[in-house]
Amino acid sequence: SINRLDKAFRFSERYLSFLVDLYICNSSISKTLLVERCNVPKEKIVVIYNGLEFKKRLVEKKKNKPPILFIAANFTPRKGLVEFLVKVIKPLNKQGIRFHLFMAGRDEMNGIIYKTIKENKLEEVVTLLGFVNETESYYLTTDVFILPSLEGEGCPTSILEAMSYSKPSIAFNVDGIPELIESGKHGFLVEKGCYNDFQCKLKTLIENISLRHQMGDFAYKRYREKFDIGTCVEEHAKSFENLLRKV
């Protein structure tokens with residue numbers, strides 16, 4: 001990223017990292033960036049993925065008509081929401097594919113998302129929820145989770161949440177997202193900017209209920225094995241203990 005905050009962060013880390021004994025990153029790509037852009041010694045960095053509290057397998061496998069799609073992301077340009085609506089949702093709607101998209105998030109784009117929906121006549125297939133404090137009911141009833149971010153995703157909690165509810169996800173293959181999702185197993189990854197492929201992959205999930213359930217099952221299993229809060233806490237404790245031994 002080239003915004004001022006990121007530039008300031010990289011500057012401070014480049015020249016003050018000698019004062020820091022341990023960096024904890026939530027993705028391997030974040031570690032790589034610290035090493036390559038900030039000259040932080042890789043020996044000082046450990047990768048610990050975000051973790052979620054254990055959820056009993058809460059999953060609704062009823063057949064929604066039409067299938068429900070869900071996005072949970074604040075409305076900012078880097079989330080790629082405008083492009084997604086125009087280049088994926090609009091064409092699928094024109095093809096007569098049946099679905100309904102719910103979008104939850106704080107609007108930080110001064111109504112541009114609402115305007116895009118209206119200008120492209122998508123009001124009947126897209127519902128804006130605004131900021132939602134409790135998203136469980138939406139994750140439970142959704143069929144496919146979507147995160148069309150173009151950049152700036154380390155270990156997105158929204159995808160982990162979807163996995164914990166046994167939901168397949170579709171996203172661009174950027175930053176730390178491929179560390180969470182194995183494309184074709186837990187959902188689909190699409191190369192950045194390939195909106196036609198995004199359309200095709202999303203259409204596949206919309207139309208194939210058994211594939212959705214299969215991918216959702218694998219996603220839940222991966223969440224339990226790798227992204228449980230207990231694992232996250234244990235790895236933090238281990239890292240702090242190792243650091244203390246060096247003192």
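The preceding data block contains the structure.
Treat the numbers as computed from the prediction; the structure is a model and nothing was measured. (Residues numbered from 1 in each chain as written. Predicted model: local features only at pLDDT ≥ 70, side-chain atom pairs only at ≥ 80, totals over all residues. Heavy atoms only, no water.)

Draft legend 1. Representation of the environment of Asp228 within the structure. With respect to the helices and strands, the residue Asp228 is situated in the loop between helix 8 (209-226) and helix 9 (229-246). Judged by relative accessible area, which is 13%, Asp228 ranks as buried. Sequence-wise, Asp228 and Asp197 are 31 residues apart; in three dimensions their C-alpha atoms are separated by 31 Å. Excluding anything up to four places from it in sequence, Asp228 contacts Gly51, Leu52, Phe54 and Tyr223. (Helix = DSSP H or I, 4+ residues; strand = E, 2+ residues; numbered from the N terminus. Buried < 20%, exposed > 50% of the residue type's maximum accessible area, 1.4 Å probe, protein only. Contact = heavy atoms within 4.5 Å.)

Draft legend 2. Local environment of the nonpolar core. Grouped together as the largest cluster of nonpolar side chains are 60 residues, with contacts concentrated most on Ile89 and Leu202. If you tally residues by element for this core, the top one is helix 3 (residues 81-94), at six residues. With residues near it in sequence (within four places) discarded, Ile89 still touches Leu69, Phe84, Phe99, Leu101, Leu122, Val125, Val126 and Leu202. Core analysis: the next-biggest nonpolar cluster, separate from the first, contains six residues, Tyr23, Cys38, Val40 and Ile45 among them. (Core = buried A, V, L, I, M, F, W, Y, C linked by side-chain atoms within 4.5 Å.)

Draft legend 3. Examining the environment of Leu16 more closely. You can see Leu16 is positioned in helix 1 (residues 4-16). According to the relative accessible area criterion, Leu16 is partly exposed, its value standing at 43%. Residues Leu16 and Cys38, 22 residues apart in the sequence, show an inter-C-alpha distance of 9.7 Å.

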